[in-house]
Amino acid sequence: AEGYTLSIDSNGDLNFHNSGAAAPTVTFGDDNKVGINEANPAVSLDLASNTDAVSLPTGTTAQRPSGTDAYIRKNSTNNALEFYNGTNWVEIITDYFPTGSTILG
């Protein structure tokens, strides 16, 4: 039967297994780390795929989130990859001249 199964390993990690696979598909570590195709996540979110990508949130300049946390996103208004340092939005890379953001570098 296809589907997911749950297990708790000897470390206390909660594991989701896809279709009965031996290696977990998703691991929630007892140290609050999450691994995707990684049974022993080393950082907060550990993605164990060398041939994939992470999809970043994309939105216009007007849709930028507010707060004091660090954020990274793609700005669809100016086609820039940008980072929020807790105070200012900083363009990391862009195909165009910067508009409304601080230039890194």
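Up top you'll find the structure we're talking about.
Cut-off values and rules
- Residues numbered from 1 in each chain as written.
- Predicted model: local features only at pLDDT ≥ 70, side-chain atom pairs only at ≥ 80, totals over all residues.
- Heavy atoms only, no water.
- Phe/Tyr/Trp six-rings, centres within 6.5 Å; stacked < 30°, edge-to-face > 60°.
- Buried < 20%, exposed > 50% of the residue type's maximum accessible area, 1.4 Å probe, protein only.
- Lys NZ or Arg CZ within 6 Å of the ring centre and 35° of its normal.
- Pairing = 2+ DSSP bridges.
- Helix = DSSP H or I, 4+ residues; strand = E, 2+ residues; numbered from the N terminus.
- Axes fitted to C-alpha atoms, helices over the stretch in contact; angles between N-to-C directions.

Visitor: For this particular structure, what's the right way to read the packing of aromatic side chains?
Guide: The way to describe two aromatic rings as a pair is by their centre distance and the angle between their planes. Applying the stated criterion across every chain yields a total of four aromatic pairs. Both rings, one in tyrosine 84 and one in tryptophan 89, keep their centres 5.0 Å apart while their planes meet at 45°; by these two values the pair is tilted. As far as burial versus exposure is concerned, tyrosine 84 and tryptophan 89 are alike and both buried. Three or more aromatic residues joined by ring pairs form one cluster here, namely Tyr71, Tyr84 and Trp89. When the ring centre of tryptophan 89 is taken as origin, the NZ or CZ atom of arginine 73, which lies over that ring, is 5.7 Å away.

Visitor: Please explain the sheet that holds strand β2 (residues 14-18) as it appears in this structure.
Guide: Backbone hydrogen bonds are what pair the strands of a sheet, in a parallel or an antiparallel way. Taken in spatial order, the five strands line up as β1-β2-β3-β4-β5 in an open sheet, and their pairing is mixed. Here the strands that pair on one side only, and so sit at the sheet edges, are β1 (4-8) and β5 (45-47). The average undirected angle you get between the axes of adjacent strands in this sheet is 15°. The pairing of strand β3 (residues 26-28) with strand β4 (residues 34-36) spans three bridges and is antiparallel. Within the sheet, the bridge partner assigned to threonine 27 lies in β4 and is glycine 35.

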